[in-house]
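# Chains, contacts and geometry: an overview
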Amino acid sequence: MLLKYLRENYISVFRSGRGINLHFRTEQINKATKMAPKSPSFPGIAESSSSHRISYCMFAILLLALPVAQCQSERMYVNITDINLLVDQTFLFQLIQVGEYNTSLKVAAQIQHPDIVQFIPPVIDIPGSQEPNSNATLTYDICAYGKSPGHSDVTFNVTPTGIVDLQSVFLRVTVMHSQHIYIISYIMGWIYFVAWSISFYLQIYINFKRKSVVGLNFDFLALNIMGFTMYSLFNCGLYFSEVIQAEYFSRHPRSHNPVQLNDVFFSLHAAFATLVTITQCFIYEREDQRVSNVGRSILGGFVGVIIITASLGAANKIAWLDFLYYCSYIKLCITLIKYVPQAYMNYKRKSTVGWSIGNIFLDFTGGFLSILQMTLNAYNYNDWISFFGDATKFGLGAFSLAFDIFFMLQHYVFYRQANYILLPGTSYNSDELQEEHQNVDDIEDPTNQPYQALPT
């Protein structure tokens, strides 16, 4: 009853450009509180002091004003957040205003790199209205002009301050040299995506054809499945979890989600293909091969990191986003070391039989195109700082290429003339060996039977 009485008789609410104003008279509030009947809804009001009555009424007025203030909110935004254009090209976009103001405003663009992009006009004058309409929608055209290649963030300031909050309004502008380079780079991305995806099946096919996994290092497989599992966890978490996405955007409010659908597909597919290869190790002849003690220790260390960080995440000691970052770091570490066991095994056996050279060719193709794409993008956007500054991505790509080249040297140079004997239990016959290593110099003596060198 008190709230209804105050709303109908003693509160004058009107709207201005700066918010909600409330007018009331203290003596009227006192009178209203004295008129309020005693009831269980308002125990002790009649007996309380005048100051207490005023406090209760002030609190009631604030509660009444809150929904009014919320429904009268105005805002501004831009109709696009990402602009891509060429040098000397223009692009038209709009600043949209929802609701009118009784105060004149000036909206100015704050360009991170004015030498990259220019806005015309740089400042928008918004006149005030004597009778503001909260339902009005107004648009203002702005022309973006590309001056030089590069990336630039753009924010907006409003004067006078305190009327409109534009902290969440921003643009990402990308100016490029050539649209053709952009298309070539895009195509390259899909080519190396396909090359890396297919590469797994060449090793699976060789294992199936030989009915043997002798020559394929189990440490490499164990590290690979761990790495792609961590990579899948990172990608799926950032792509599917709204909670983790909220954590990411709270830290990087002007960033895109770094994980796309093709990243999710590639990581899950890679983990699946690796699991198929591991299954072949249980089915086909493998001799006495197993995961080494060193490999088990490394994997145990990674599992320990995962358990500890997951426990901290469950206990709210760290954010789940940080847990995913630790998973990605494990993937990076594995990428650096996973080829070492296979290269050392080839060296000890003096043979690459059982290790798919086709897999290496496709991996080399994908890695080479990945680095070439980075180079083209750096030129197209004049962004050499990010090219050399992203040492992790560039270093991992170059490191993988170096190992691919080393495997090619092992297969075609170091061990190309090696004789092979059949290991006990293998079903890989002499004709298949000779076909895989066909070369006029491979068999100097026709009486020699090819062999598969035993580990020393």
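Above this text you will find the structure in question.
The present account deals with the structure reproduced in this document. No experiment lies behind these values; they were computed from the predicted model shown.

### So, empty space enclosed by the protein
- Counted under the stated rule, the structure contains 2 cavities of 30 Å³ or more.
- The volume enclosed by the second largest cavity comes to roughly 40 Å³.
- Val107, Ala108, Ala109, Phe119, Pro121, Pro122, Ile124, Ile142 and Phe156 together form the lining of the second largest cavity.
- Looking at the lining of the second largest cavity element by element, the count peaks at 3 residues for strand β6 (residues 105–111).
- Looking at the lining of the second largest cavity, its residues break down into 9 nonpolar, no polar and no charged.

### Looking at the sheet that holds β6
- In space, the 5 strands of this open sheet follow the order β4-β11-β10-β6-β8, with mixed pairing throughout. Each edge of the open sheet carries a strand with a single partner, namely β4 (82–86) and β8 (123–126). For this sheet, the mean inter-axis angle between neighbouring strands, taken without regard to orientation, is 25°.
- For β6 and strand β10 (residues 150–159), the ladder comprises 6 bridges, and the chain directions are antiparallel. When the sheet's bridge partners are listed, Ile111 is paired in β10 with Val154.

### Here's the deal with the nonpolar core
- Within the largest apolar cluster, 27 residues are counted, with the highest numbers of intra-cluster contacts made by Met76, Val107, Phe119, Phe156, Leu171 and Val173.
- Ignoring anything within four residues of it in the chain, the contact list for Val173 reads Ile83, Leu85, Val117, Phe119, Gly150, His151, Ser152 and Val154.
- Ala222, Met230, Tyr325 and Cys327 belong to the second largest nonpolar core, which has 20 residues in total.

### A closer look at helix α11 (residues 357–380)
- Between its first and last C-alpha atoms α11 spans 34 Å; for 24 residues at 1.5 Å apiece the expected length is 34 Å, and the two agree.
- Its side-chain oxygen at 3.4 Å from the backbone nitrogen of Gly358, Ser356 defines the N-terminal cap of α11.
- The positive-phi residue at the C-terminal boundary of α11 is Asn382, with phi of around 50°.

### Some details on the pattern of salt bridges
- Counted according to the given criterion, the structure contains 3 salt bridges.
- A salt bridge links Asp125 to Lys106; the shortest N-O distance between them is 2.6 Å. Here Asp125 is found in strand β8, whereas its partner Lys106 is found in strand β6, with 19 residues between them in sequence.
- The partner of Asp322 in a salt bridge is Arg251, and the shortest N-O contact between them spans 2.8 Å. Separated by 71 residues along the polypeptide, Asp322 in helix α9 (residues 320–337) and Arg251 in helix α6 (residues 242–251) bring together distant segments of the chain.
- Among the residues examined, Asp322 registers a relative accessible area of 24% and is labelled partly exposed.

### Observations concerning the sheet that holds strand β3 (residues 75–78)
- Reading across from one edge, β3-β5-β9-β7 is the order of the 4 strands in this open sheet, with antiparallel pairing throughout. In the strand order of this sheet, the two ends are held by β3 and β7 (117–120), each with one partner. Across the sheet, the mean angle separating the axes of adjacent strands is 25° when strand polarity is ignored.
- With 9 bridges connecting them, strand β5 (residues 90–98) and strand β9 (residues 137–146) associate as antiparallel partners. When the sheet's bridge partners are listed, Val98 is paired in β9 with Thr137.

### Considering a nonpolar patch on the surface
- Together, Phe361, Ile405, Phe406, Leu409, Tyr412, Val413 and Phe414 make up a nonpolar patch on the protein surface, roughly 620 Å² of accessible area in all.
- Per-element accounting of the nonpolar patch gives the leading share, 6 residues, to helix α13 (residues 391–414).
- Along the chain, Phe406 falls in helix α13.

### Quick word on unusual backbone geometry
- For the bond running from Ile120 to Pro121, omega is 0°, close enough to zero to count as cis.
- Following Thr159, the chain continues to Pro160 via a peptide bond in cis, the omega torsion being 0°.
- Position of Pro160 relative to the elements: it lies in the loop between β10 and β11 (170–176).
- Its identity as a non-glycine residue notwithstanding, Asp88 has a phi of 70°, on the positive side.
- Within the secondary structure, Asp88 sits in the loop between β4 and β5.
- Look at Lys211: it is not a glycine, yet its phi comes out positive at around 55°.
- Inspection of the secondary structure puts Lys211 in the loop between α4 (179–210) and α5 (218–240).
- Among the residues examined, Lys211 registers a relative accessible area of 37% and is labelled partly exposed.

Rules and cut-offs
- Residues numbered from 1 in each chain as written.
- Predicted model: local features only at pLDDT ≥ 70, side-chain atom pairs only at ≥ 80, totals over all residues.
- Heavy atoms only, no water.
- 1 Å grid on protein atoms, 1.4 Å probe; cavity = no way out; pocket = protein on both sides within 12 Å on 5 of 7 lines; lining within 4 Å.
- Points joined across faces, edges and corners; volume = space filled by probe spheres on them.
- Helix = DSSP H or I, 4+ residues; strand = E, 2+ residues; numbered from the N terminus.
- Nonpolar A, V, L, I, M, F, W, Y, C, P; charged D, E, K, R; others polar.
- Pairing = 2+ DSSP bridges.
- Axes fitted to C-alpha atoms, helices over the stretch in contact; angles between N-to-C directions.
- Core = buried A, V, L, I, M, F, W, Y, C linked by side-chain atoms within 4.5 Å.
- Buried < 20%, exposed > 50% of the residue type's maximum accessible area, 1.4 Å probe, protein only.
- Contact = heavy atoms within 4.5 Å.
- Expected span 1.5 Å × (residues − 1).
- Polar contact = N/O pair within 3.5 Å; in protein donor to acceptor, adjacent residues only side chain to side chain.
- Salt bridge = Lys/Arg side-chain N within 4 Å of Asp/Glu carboxyl O.
- Patch = residues over 30% accessible without salt bridge, like charges linked within 9 Å, V, L, I, M, F, W, Y side chains within 5 Å.
- Areas by Shrake-Rupley, 256 points an atom, 1.4 Å probe, with all protein chains shown as cover.

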